[in-house]
Amino acid sequence: QWDVAPLLAHRVHVQGRVTLQWPGSSICLRDAPQGICAQTDLVTPLRDGELVDVAGFASAKGSVTVLTDAVYKSAGSGVAAPVRATPVTADQALMSKYASQRIQIDGQLLSRDLASADTTLLLSSGSFIFKAILPQGLGGPQTTGWKNGSVLRITGICSVELDEQRSVMGVGTAVPKTFWVLMRSPADVVVLQEPSWWTPVHAALLLTLTLAVTLAVLAWVMVLRRRIRESEERFRHMAQHDHLTGLATRLVLQDRLRIALEAAKRRRTGLALLV
């Protein structure tokens, strides 16, 4: 149990089992019953669950204790006992007791933070949105296979960010704002459910394709109707005119005479035919 106030500006020693290592950046330990993370420039590789000694300066990051300018070395035990991850919900992850602890949380992948050089996933769990971060040097080709909309199970170290404004208004009470998960490798991500094909993007593409096909069919129908009218006119002209001379045939003469006779009868006028 850590009370950082008396330890500020003092170098302290911690022994625990490795829960996360980002070489040249940070290392996290499980110092029962809590976890603690340390900032370090060392790159000596450690095994997950290996017992190590860490020395650094105690510092307070909100309500969480961290070590700065830390160094570490193996405690000499050849047995590595990996620390189990605690399954939590997003509400539970915001509790201070899970800070710097290895947790396991499910969430739906929304997108990636493309502005970050590290592999940074944005996930939603309930009403919360959180990040899962994997350093660029610890990633791999499998990180590109995680599709938006997938349900993922993330294992890593919980890091809580405090709402400074609300904490000040709360007279020193630490108010958590959000959290993120620090991962060790792509193996810390398990795909529980592939995304449904029916996404808003696919729905928009299908609607656009349907509209395009409908417009193409309508345009083709208009072309066919115009061709049919042209064909009817051409066949009508061929039936009423001589193919060689282009003059009207007997059928046209008989039709015109019939129309003229009916008109003369209605008007009671004469009719003359000049041959």
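Just so it is clear, the structure is predicted and the values come from calculations on it, not from any experiment.

Undergrad: Give me the lowdown on helix H4 (residues 250-267), citing residues and values where you can.
TA: For H4, built from 18 residues, the straight-helix expectation of 26 Å at 1.5 Å per residue is met to within 8% by its first-to-last C-alpha distance of 26 Å. Taken together, the buried positions of H4 are occupied by Val252, Ala263 and Ala264. End-on, the buried residues of H4 take up no more than an arc of 100°, which puts them together on one face. Across from the buried face of H4, at angles greater than 90 degrees, the exposed residues are Arg250, Leu251, Lys265 and Arg266.

Undergrad: So what's going on with the packing of aromatic side chains? Residues and values would help.
TA: Each aromatic ring pair is summarised here by two numbers: the centre-to-centre distance and the angle between the ring planes. Applying the stated criterion across every chain yields a total of one aromatic pair. Its end group placed over the ring of phenylalanine 235, arginine 234 keeps NZ or CZ at 5.6 Å from the ring centre.

Undergrad: Any chance you could break down the sheet that holds strand E4 (residues 51-61) for me, citing the residues and the numbers?
TA: One closed barrel holds the five strands; their spatial order is E1-E2-E3-E5-E4, and the pairing between them is mixed. When the angles between neighbouring strand axes are averaged without regard to direction, this sheet yields 55°. Pairing analysis gives seven bridges linking strand E1 (residues 11-22) to E4, with the strands arranged antiparallel. Bridge assignment links glutamine 15 to a residue of E4, and that residue is aspartate 53.

Undergrad: Account for a positive patch on the surface, with residues named and values stated.
TA: The grouping of Arg225, Arg226, Arg227 and Arg229 at the surface amounts to a positive patch. By the element assignment, arginine 227 lies in helix H3 (residues 200-240). Looking at arginine 227, the relative accessible area reads 46%, which means it is partly exposed.

Undergrad: With reference to specific residues and values, describe the state of the cysteines.
TA: What is meant by a disulfide is a covalent connection between two cysteines, made through their sulfur atoms. All told, the structure shown has one disulfide when counted by the stated rule. Through a disulfide, cysteine 28 is tied to cysteine 37; the S-S separation comes to 2.0 Å. Sign of the S-S torsion, about 100° for the bond between cysteine 28 and cysteine 37, identifies this disulfide as right-handed. For cysteine 28, a relative accessible area of 1% corresponds to the buried category. Of all cysteine sulfurs, the one in cysteine 37 lies closest to cysteine 158, which takes part in no disulfide; the gap is 9.9 Å.

Undergrad: Kindly report on the side chain of glutamine 101, identifying the contributing residues and their values.
TA: With respect to the element layout, glutamine 101 can be found in the loop between helix H1 (90-93) and strand E7 (102-112). Among the residues examined, glutamine 101 registers a relative accessible area of 8% and is labelled buried.

Undergrad: Please set out the nonpolar core residue by residue, giving values where relevant.
TA: Taken as a class, soluble globular proteins show a tendency for nonpolar side chains to be buried jointly. Residues Ile105, Leu123, Ile154, Phe179 and Val181 are the most contacted members of the largest nonpolar core, which totals 25 residues. Breaking this core down by element, the ones donating at least two residues are strand E5 (64-74), H1, E7, strand E8 (119-125), strand E9 (128-134), strand E10 (151-162) and strand E11 (176-182). Looking at which element gives the most residues to this core, the answer is E10, with four residues. Counting residues in each nonpolar core, the second largest holds 14 residues, with Val14, Ala38, Ala58 and Tyr72 among its members.

Undergrad: Requested: an account of the pattern of salt bridges, with residues and values cited.
TA: Throughout the structure, instances matching the rule amount to 10 salt bridges. The shortest N-O distance in the salt bridge between aspartate 106 and arginine 153 comes to 2.8 Å. Pair noted here: aspartate 106 is in strand E7 and arginine 153 is in strand E10, with a separation of 47 residues, a long-range link. When its relative accessible area of 30% is taken as the criterion, arginine 153 is described as partly exposed. Between lysine 131 and aspartate 113 there is a salt bridge; the shortest N-O distance is 3.9 Å. With lysine 131 in strand E9 and aspartate 113 in the loop between E7 and E8, the pair connects residues that are 18 residues apart, well separated along the chain. Given a relative accessible area of 35%, lysine 131 falls into the partly exposed group. Via salt bridges that share partners, Asp48, Arg102, Arg184 and Asp188 belong to a single interconnected network.

Cut-offs used in this document
Residues numbered from 1 in each chain as written. Predicted model: local features only at pLDDT ≥ 70, side-chain atom pairs only at ≥ 80, totals over all residues. Heavy atoms only, no water. Helix = DSSP H or I, 4+ residues; strand = E, 2+ residues; numbered from the N terminus. Expected span 1.5 Å × (residues − 1). Buried < 20%, exposed > 50% of the residue type's maximum accessible area, 1.4 Å probe, protein only. Arc of directions from axis to C-beta. Phe/Tyr/Trp six-rings, centres within 6.5 Å; stacked < 30°, edge-to-face > 60°. Lys NZ or Arg CZ within 6 Å of the ring centre and 35° of its normal. Pairing = 2+ DSSP bridges. Axes fitted to C-alpha atoms, helices over the stretch in contact; angles between N-to-C directions. Patch = residues over 30% accessible without salt bridge, like charges linked within 9 Å, V, L, I, M, F, W, Y side chains within 5 Å. Areas by Shrake-Rupley, 256 points an atom, 1.4 Å probe, with all protein chains shown as cover. Salt bridge = Lys/Arg side-chain N within 4 Å of Asp/Glu carboxyl O. Lys, Arg positive; Asp, Glu negative; His and termini not counted. Charge placed at Lys NZ, Arg CZ, Asp CG, Glu CD. Disulfide = S-S within 2.5 Å. Core = buried A, V, L, I, M, F, W, Y, C linked by side-chain atoms within 4.5 Å.

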